[in-house]
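Notes for the structure review
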Amino acid sequence: MGKVLAVCISEKKGTQKKNVGSAVFVEDWGLEGDAHAGKWHRQVSLLSGEKIDAFRAKGAEVEDGAFGENLVVEGIDFAKLPVGTRFRCGEVVLELTQIGKECHNGCAIFQKMGECIMPREGVFTRVLKGGKVSVGDEMTVDKAMIFDTHAHYDDEAFDEDRFAMLDSMQENGIGHIVDVCASVGHFDRVYDLVEKYPFVYGAVGVHPDDADKVDAAVLDEIRRYCDMEKTVAVGEIGLDYYWHKEKEEHLLQQKVFRQQMDIAREKKLPFMIHSRDAAEDTLNIVKEYMQDGMYGGVIHCFSYSKEIAREYLNMGLYLGIGGVVTFKNSRKLKEVAEYAPLNQILLETDCPYMAPVPNRGKRNSSLYLPEVVKTIAEIKGISCEEVVAVTESNAMKMLLNKGGE
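Overview of the structure. (Residues numbered from 1 in each chain as written. Predicted model: local features only at pLDDT ≥ 70, side-chain atom pairs only at ≥ 80, totals over all residues. Heavy atoms only, no water.)

1. What about unusual backbone geometry?
For clarity, the threshold we go by: Each helix is a run of H or I in the DSSP string that is no shorter than four residues. Each strand is a run of E no shorter than two, and both are numbered from the N terminus.
Here Cys 351 and Pro 352 are connected by a cis peptide whose omega angle stands at 15°. As for its placement among the helices and strands, Pro 352 is situated in the loop between strand S19 (345-347) and helix H11 (369-380). In this structure, the amide linkage connecting Val 357 to the following residue, Pro 358, adopts the cis form with an omega of 10°. Tracing the chain through its elements places Pro 358 in the loop between S19 and H11. Phi at Asp 277 is positive, roughly 55°, even though this residue is not glycine. The phi angle at Cys 301 is positive, at roughly 50°, despite the residue not being glycine. Within the element layout of this structure, Cys 301 appears in the loop between strand S17 (297-299) and helix H9 (306-314).

Set out below in structure tokens:
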């Protein structure tokens, strides 16, 4: 828990912020009267009071607001928190959007002291919910919540209760969901949900089963959706030889896979890979692309051996683990979950498919992810809270921070 030490604004850009004691926070805008407020991702800046005190101890005479910060708060080390973290101060809710920034070409503080703490210690947030904040108010960091990195709520299986289901997520501990495109023709269905729910993000791509439907127009449509603010990945893309045994089909899937990996590189987005009965070809293509200018990714619904997992982990990629890890016959995946560092694991459902035990065979949803968390915690001998916190941080780094750039 933190305590607000200063609330600072500047009425004109280029002038130092001053502590005004209290201010009104406007939803999706910033502080009322602050020149840097607006419809962008850096609406409110924050600095830890302890960091400013340490800087003053070096002999710097700096007033609150001198670094361009809107809020000075003691008790929270903001720079150590992942993008996507939420802060509450009374009615106000802020979401961390950026850590640090480039110093303004040798600002006055830098010229005098030889350093400025804002580039490494300052963070930026957007206002999710407005209200008034005053000096002395308490600020809390929201408890870690489950991040479902791969779901399909656009699927027809949710037609009867889709909105009621999604409306219940956050009160049940599900903080973020990525709804993943898979089929040509479903892009709009996914992005209707992305627009409706602040906690739902989109990944755009075409599943290998639909490779024969991909043409230049579809690839251009994927590029267009990649430019949308809440698109966090290109996916799901990849190879599936389970149903498709013909060599010609394999070559077509590989071509479309490469075309979409090219888009991920072009748009500087991480990728989400589907791979079934295609271990060698998938690994070889991913290795090829990871040698030059990719932005991270996840092997969704990982189903291969520990040895193959090692190859992906050594490339800095993530493994997506869902309900299958709870199955009694999932010895191989349990070995992978034990072997893989927790900081390279992402939670996912692939709903409506592959519900975990004890709901195996039912329609899956993000509400069943606590069973996956429990199993991973047991495998690794750690708490469920640690699994949730670390996997949430992983997802925020790769997806909300677009590959951890």
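2. A closer look at helix H1 (residues 49-56)
Each turn of an α-helix holds 3.6 residues, which means side chains three or four residues apart point in the same direction. Stated precisely, the cut-off is as follows: Buried, partly exposed and exposed residues are distinguished by accessible area as a fraction of the type maximum, computed with a 1.4 Å probe on protein chains only: under 20%, between the cut-offs, and over 50%, respectively. For this quantity, the arc is that covered by the directions from the helix axis to the C-beta atoms.
Within H1, burial applies to Gly 49, Ile 52 and Phe 55. Along the long axis of H1, the arc covered by the buried residues comes to 120°, so they all point the same way.

3. Looking at a nonpolar patch on the surface
What counts is decided by this rule: Residues enter patches when their relative accessible area tops 30% and they take part in no salt bridge; the joining distance is 9 Å for like charges and 5 Å for the nonpolar side chains Val, Leu, Ile, Met, Phe, Trp and Tyr. Shrake-Rupley sampling with a 1.4 Å probe provides the accessible areas, and residues are treated as covered by the protein chains on show and by no other component. Whenever a carboxyl oxygen of Asp or Glu lies within 4 Å of a side-chain nitrogen of Lys or Arg, that contact is scored as a salt bridge.
Taken together, the side chains of Val 24, Val 26 and Trp 29 define a hydrophobic patch exposed on the protein surface, amounting to about 220 Å² of accessible area. The topology assignment puts Val 26 in strand S3 (residues 22-26). Its relative accessible area of 30% is what places Val 26 among the partly exposed residues.

4. Describing the environment of Gly 185
Mapped onto the secondary structure, Gly 185 falls in the loop between strand S13 (174-180) and helix H5 (187-196). Between the C-alpha atom of Gly 185 and that of Val 24, which follows or precedes it by 161 residues, the distance is 44 Å.

5. Here we look at helix H8 (residues 279-290)
For clarity, the cut-off: Helix span, expected: 1.5 Å multiplied by one less than the number of residues in the helix. In what follows, residue pairs with any heavy atoms lying within 4.5 Å of each other are defined as contacts.
The terminal C-alpha atoms of H8 lie 16 Å apart, and with 12 residues this matches the ideal 16 Å at 1.5 Å per residue to within 8%. Taken together, the buried positions of H8 are occupied by Ala 279, Thr 282, Leu 283, Ile 285, Val 286 and Tyr 289. Axial view of H8: buried residues confined to an arc of 165°, hence all on one face. Tucked inside the fold, the buried residues of H8 contact strand S15 (231-240), helix H7 (247-267), strand S16 (271-276) and H9.

6. Looking at the sheet that holds strand S12 (residues 146-151)
Note the threshold: Any two strands between which DSSP finds at least two bridges are classified as paired. Angles here are taken between N-to-C directions and fall from 0 to 180 degrees, while the axes themselves are lines fitted to C-alpha atoms, restricted in helices to the stretch in contact.
Strands sit in the order S12-S13-S14-S15-S16-S17-S18-S19 across an open sheet of 8 strands; the sheet is parallel. Because the sheet does not close on itself, it has two edges, and the strands there are S12 and S19. Across the sheet, the axes of successive neighbouring strands diverge by a mean angle of 30°, strand direction being ignored. Of the strand pairs in this sheet, S16 and S17 are connected by 3 bridges, and their pairing is parallel. Its bridge partner lying in S17, Phe 271 is registered against Gly 297. The sheet strands contacting H8 are S15 and S16, and the helix crosses S16 at an angle near 155°.

7. Points about the packing of aromatic side chains
Geometrically, a pair of aromatic rings is defined through the distance of the ring centres and the angle of the planes. To keep things clear, this is the line we draw: Centres within 6.5 Å make a pair out of two Phe, Tyr or Trp rings, where for Trp the six-membered ring is used; the pair is then stacked when the planes are under 30 degrees apart, edge-to-face when over 60, and tilted otherwise. The criterion for a charge sitting over a ring is simple: Lys NZ or Arg CZ within 6 Å of the ring centre, and within 35 degrees of the ring normal.
The final tally for this structure, using the stated rule, is 8 aromatic pairs. Feature note: the residues Phe 187, Tyr 191 and Tyr 225 constitute an aromatic cluster, connected by ring pairs. Over the face of the ring belonging to Tyr 225 we find Arg 224, whose NZ or CZ atom lies 4.6 Å from the ring centre. In this structure, Arg 276 packs its charged tip against the face of Tyr 242, placed 3.6 Å from the ring centre.

8. Regarding the sheet that holds S3
Read from one edge to the other, the open sheet built from 3 strands follows the order S4-S3-S10, with strand pairing classed as antiparallel. Bordering the open sheet on either side are strand S4 (30-31) and strand S10 (131-134), each of which pairs with just one other strand. In terms of strand pairing, S3 meets S4 through 2 bridges, oriented antiparallel. Paired with Val 26 across the two strands is Gly 30, which belongs to S4.

9. A look at the pairing of S3
A one-sided burial pattern is seen for S3, the buried positions being Ala 23 and Phe 25 and the unburied ones Ser 22, Val 24 and Val 26. Looking at chain direction, S3 and S10 are connected through 4 bridges and run antiparallel. Bridge pairing in S10 places Ala 23 opposite Val 133. Between S3 and S4, which follow one another and run antiparallel, lie 3 residues, and Asp 28 among them has a positive phi close to 55°.

10. Notes on the environment of Arg 42
Within the secondary structure, Arg 42 is located in the loop between S4 and strand S5 (44-48). When its relative accessible area of 21% is taken as the criterion, Arg 42 is described as partly exposed. Sequence separation between Arg 42 and Leu 96 is 54 residues, and the spatial gap between their C-alpha atoms is 8.9 Å.

11. Examining the nonpolar core
Quick note on the threshold: Among the buried residues, those of types Ala, Val, Leu, Ile, Met, Phe, Trp, Tyr and Cys that are joined through side-chain atoms within 4.5 Å form a nonpolar core.
Within the largest apolar cluster, 71 residues are counted, with the highest numbers of intra-cluster contacts made by Tyr 153, Ile 177, Ile 222 and Leu 319. Setting aside chain neighbours within four positions, we find Tyr 153 in contact with Phe 158, Arg 162, Met 165, Leu 166, Met 169, Ile 177, Asp 179, Leu 193, Cys 351, Ser 365 and Ser 366. Core analysis: the next-biggest nonpolar cluster, separate from the first, contains 38 residues, Cys 89, Leu 96, Met 396 and Leu 399 among them.

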